[in-house]
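Observations on the three-dimensional arrangement
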Amino acid sequence: MASIIESMLLKTNKGWRPKRTIIFCSWGGNPFGNIGSYKWGKEFEKILQNNAVAYIDIQNPYFGNTSLRSIASPSLQQLTAEAIKKMQRICTEGKTCHKSNVSSVHMQRDADFFINYLGIAAAQFVFDDFKSSEAINFISEAFFINKTKNVQEQNHSFHLHRYVAKLTTEIVLQISTQPILPFNALDVALEIQKRIEGDGSSDSILMEQSRSLRETAQLFQSNEMRPANNPRERNPLRVRMLNDILQNLEKNFLIQNHPAGFPRNILYRLDERTTRFSLLQEAQEHCKISKSNETLLSALQEVLNCITSATLYLKESLHVFQDGLEESDL
């Protein structure tokens, strides 16, 4: 975190100013149920619900040196992938160039409140060792060394921490600087449709609604609705409306009745090996044990409600957006 702050201070000293406020947070109480981040989030919940745009997690970025895991909510997957590609282009040392596929696996710890209670976009970069999770390395917050050389000598994972810091900085700069939030509504719709089509328990109504969401998102992302090079995109009213729509889209995917241990935000899944909704997967397993499909039907209804809500949200947003443009032209 200190490295990220230092790099941004260097930019501000050269005249750079973010278009959105950047808040750096460090909480305690993680071993006791993330009480630090949860209490802070609850204290400022109203402000965060109205103004928070994204949460970028840098808690414990190193669990091994085998591979880079890139996790992001669907609306941030494109931006996350672009940041990884940019790092690959500029890295000079072969050992520090890392490839990674972006997935929407549920993030643990401090990210939980922002994902499952606020429903805001989130991203995280973590170096993990899938072959062995016994030897976990970390930098103690109470351990300070004056010379950078000594830090690198005593912590062999130093360059991996630095790699995560650079990726995180790139994401934060893009989100805080671009006039239009770099979120992709169509990626959310495509992710939903992929999970529906890959789930044998999904019915025709669910599939039809997911296609409707994709078509609405395609219209929203089309050149007709938001042409990137159109000078009118810089109209303050247009910018504000677009950002409000993008900022609140993922809130439609929060459910109230979720199984214990499962995320309230259905855009995230527990298992990286499957594209199915974790909620539906658990409900189907429950049906095999109880010999009743009541839990599965309830889960299907929860997913359908989320997709329907997101579809209506985008459709109404398009109407408001078009009416606002017509009024601004008068």
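Just above, that's the structure.
Here's the deal with helix 11 (residues 278-290)
Taking 1.5 Å of rise per residue, the 13 residues of helix 11 would be expected to cover 18 Å, and the 18 Å separating its terminal C-alpha atoms lies within 8% of that figure. Along helix 11, the positions that sit buried rather than exposed are S278, L279, L280, A283 and C287. Among the residues trailing helix 11, K291 stands out with phi positive, at a value near 60 degrees.

Description of the nonpolar core
Nonpolar side chains tend toward joint burial in soluble globular proteins. By size, the foremost hydrophobic cluster in this structure holds 78 residues, and its most contacted members are L76, I175, F253 and V303. The biggest single contributor to this core is helix 12 (residues 294-329), with 11 residues. Aside from chain neighbours lying at most four places away, what touches L76 is A54, I56, A121, A122, A123, I175, P182 and F183.

Here we look at the packing of aromatic side chains
Overall, the coordinates contain 10 aromatic pairs when judged by the stated rule. Each ring, one from Y38 and one from F113, has its centre 5.5 Å from the other, and the planes form 90 degrees; the classification is edge-to-face. Of this pair, Y38 sits in helix 2 (residues 35-43) while F113 sits in helix 5 (residues 111-116), and the two are 75 residues apart along the sequence. Ring geometry for F113 versus Y117: centroids 5.4 Å apart, planes at 15 degrees, classification stacked. Among the residues examined, Y117 registers a relative accessible area of 33% and is labelled partly exposed. Put simply, the rings of W27, Y38, W40, F44, Y55, F113, F114 and Y117 pair up and form one aromatic cluster.

Brief notes about the pattern of salt bridges
Considering all chains together, one arrives at seven salt bridges under this definition. With its nearest N and O atoms 2.9 Å apart, the salt bridge here joins K42 to E45. Judged by relative accessible area, which is 37%, K42 ranks as partly exposed. In this structure, the salt-bridge partner of K194 is E191, at a minimum N-O distance of 3.6 Å. With K194 and E191 both in helix 8 (residues 185-197), this residue pair falls three residues apart, about one helical turn.

Regarding the packing of helix 8 against helix 9 (residues 204-221)
Between two packed helices, what matters for the description is the angle formed by their axes and the separation of those axes. Between helix 8 and helix 9, the shortest axis-to-axis distance is 8 Å and the interhelical angle comes to 160 degrees. Relative to helix 9, the element helix 8 lies roughly antiparallel. Between helix 8 and helix 9 lies a crossing whose hand is left-handed. Contact residues: A185, L186, A189, L190, I192, Q193 and I196 in helix 8; L206, M207, S210, R211, L213, R214, A217, Q218, F220 and Q221 in helix 9. Counted by class, the contact of helix 8 with helix 9 contains 11 nonpolar, four polar and two charged residues.

Comments concerning the sheet that holds strand 2 (residues 67-72)
Strand order in the open sheet formed by four strands is 1-4-2-3, and the pairing between neighbours is mixed. Each of the sheet's edge strands pairs with one partner strand only, and the pair in question is strand 1 (54-57) and strand 3 (102-103). With four bridges connecting them, strand 1 and strand 4 (residues 121-128) associate as parallel partners. Of the residues in strand 4, the one forming a bridge with D57 is Q124.

Thoughts on the side chain of S317
Along the chain, S317 turns up in helix 12. A polar side-chain atom of S317 sits 2.6 Å from the main-chain carbonyl oxygen of Y313.

Rules of the game
- Residues numbered from 1 in each chain as written.
- Predicted model: local features only at pLDDT ≥ 70, side-chain atom pairs only at ≥ 80, totals over all residues.
- Heavy atoms only, no water.
- Helix = DSSP H or I, 4+ residues; strand = E, 2+ residues; numbered from the N terminus.
- Expected span 1.5 Å × (residues − 1).
- Buried < 20%, exposed > 50% of the residue type's maximum accessible area, 1.4 Å probe, protein only.
- Core = buried A, V, L, I, M, F, W, Y, C linked by side-chain atoms within 4.5 Å.
- Contact = heavy atoms within 4.5 Å.
- Phe/Tyr/Trp six-rings, centres within 6.5 Å; stacked < 30°, edge-to-face > 60°.
- Salt bridge = Lys/Arg side-chain N within 4 Å of Asp/Glu carboxyl O.
- Axes fitted to C-alpha atoms, helices over the stretch in contact; angles between N-to-C directions.
- Parallel < 35°, antiparallel > 145°, perpendicular 65-115°, else oblique.
- Left-handed = near helix turned anticlockwise from the far one by under 90°.
- Nonpolar A, V, L, I, M, F, W, Y, C, P; charged D, E, K, R; others polar.
- Pairing = 2+ DSSP bridges.
- Polar contact = N/O pair within 3.5 Å; in protein donor to acceptor, adjacent residues only side chain to side chain.

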